[in-house]
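# Structure at a glance
Each chain, written out:
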Amino acid sequence: MKKVEKFIDEIMTMSTPDKPIWNIEKIKEGKPPKWNYVDGCMLLAFLELYEMTEDVNYYHFVKDYIDYYIKDDSPLGYCFDDFNLDNINEGKVLFYIYEKTKDEKYKKIIDLLYKQLQQQPRTKEGNFWHKLIYPNQIWLDGLYMAMPFYMMYETKFNHLKNYKDIYTQITNVR
């Protein structure tokens, strides 16, 4: 267990929001930081660590990271008009932080991402396109990126109004 803890500590020490070590290829390419699904995966993992260990350092790492990306009305590097389901994944983290802080800046971004889903292009069967640049394509990771976020929103803020849409999209893919 000590090796795992050391590894996690190294990740936290070596990573900053603008240069997360888990997204090293972006750093090497010299690309500017932006809201993305990889960060969402990692930040969700750190929230799980926080839940399991109650070590507040994990929570603060995630919150500080998210706060770097949320300064205005939109996350850093996010483009609504891309209709990219990958951009929804990091939004899952916001539910946890909003629940804990009640800070409306997080809810504002949650609502923005939900609005994207409501306007997301769809196949004739009703499924979200993975991205605007991939017309009529449904990707399995798109289900992972979008459906948990969509369900979280419906559960917490919308009284499950669109539950059937979520269910239908998953069963269509199945």
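Residues numbered from 1 in each chain as written. Predicted model: local features only at pLDDT ≥ 70, side-chain atom pairs only at ≥ 80, totals over all residues. Heavy atoms only, no water.

## Some remarks on a nonpolar patch on the surface
A contiguous nonpolar patch, built from Leu160, Tyr163 and Tyr167 and spanning about 320 Å² of accessible area, is present on the exposed surface. On the secondary structure map, Tyr167 appears in helix 9 (residues 163-173). On the basis of relative accessibility, which here comes to 48%, the residue Tyr167 falls in the partly exposed class. (Patch = residues over 30% accessible without salt bridge, like charges linked within 9 Å, V, L, I, M, F, W, Y side chains within 5 Å. Areas by Shrake-Rupley, 256 points an atom, 1.4 Å probe, with all protein chains shown as cover. Salt bridge = Lys/Arg side-chain N within 4 Å of Asp/Glu carboxyl O. Helix = DSSP H or I, 4+ residues; strand = E, 2+ residues; numbered from the N terminus. Buried < 20%, exposed > 50% of the residue type's maximum accessible area, 1.4 Å probe, protein only.)

## Overview of the packing of helix 3 (residues 37-53) against helix 6 (residues 91-101)
The geometry of helix 3 relative to helix 6 is characterised by a closest axis approach of 8 Å and an angle of 40 degrees between their N-to-C directions. One element, helix 3, and the other, helix 6, form an angle in the oblique class. Every residue of helix 6 that contacts helix 3 at Gly40, Leu43, Leu44, Leu47, Tyr50 and Glu51 is listed here: Lys92, Val93, Tyr96 and Lys100. Residue classes in the contact of helix 3 with helix 6 are distributed as 6 nonpolar, 1 polar and 3 charged. (Axes fitted to C-alpha atoms, helices over the stretch in contact; angles between N-to-C directions. Parallel < 35°, antiparallel > 145°, perpendicular 65-115°, else oblique. Contact = heavy atoms within 4.5 Å. Nonpolar A, V, L, I, M, F, W, Y, C, P; charged D, E, K, R; others polar.)

## A closer look at the pattern of salt bridges
Think of it this way: side chains of opposite charge can pair up when their charged atoms draw near. In total, this model carries 10 salt bridges according to the counting rule given. For Glu29, the salt bridge goes to Lys31, with nearest N and O atoms at 3.2 Å. Given the relative accessible area of 47%, Glu29 is considered partly exposed. Close ionic contact of Asp67 with Lys63 constitutes a salt bridge, the shortest N to O distance being 2.7 Å.

## Points about helix 9
Three or four residues apart is the spacing at which side chains of an α-helix point the same way, because the helix has 3.6 residues per turn. Buried within helix 9 are the following residues: Asp165, Ile166 and Gln169. All buried residues of helix 9 lie within an arc of 100 degrees about the axis, which places them on one face of the element. Considering only its buried residues, helix 9 is in contact with helix 8 (140-157). (Arc of directions from axis to C-beta.)

## Looking at the environment of Met152
Its location among the elements puts Met152 in helix 8. In this structure Met152 comes out as partly exposed when scored by relative accessible area, which is 26%. Once the C-alpha coordinates of Met152 and Lys92 are considered, the two residues, 60 residues apart in sequence, prove to be 8.0 Å apart. When residues no more than four places from it in sequence are discounted, the contact partners of Met152 are Lys92 and Phe95.

## Here's the deal with unusual backbone geometry
A positive phi angle, near 60 degrees, is found at Asn136, a position not held by glycine. Structurally, the position occupied by Asn136 is in the loop between helix 7 (104-119) and helix 8. By relative accessible area, Asn136 is classed as partly exposed at 49%. Not every positive phi belongs to a glycine, and Leu160 is a case in point at roughly 60 degrees. With respect to the helices and strands, the residue Leu160 is situated in the loop between helix 8 and helix 9. Judged by relative accessible area, which is 42%, Leu160 ranks as partly exposed.

These figures capture arrangement, not role.
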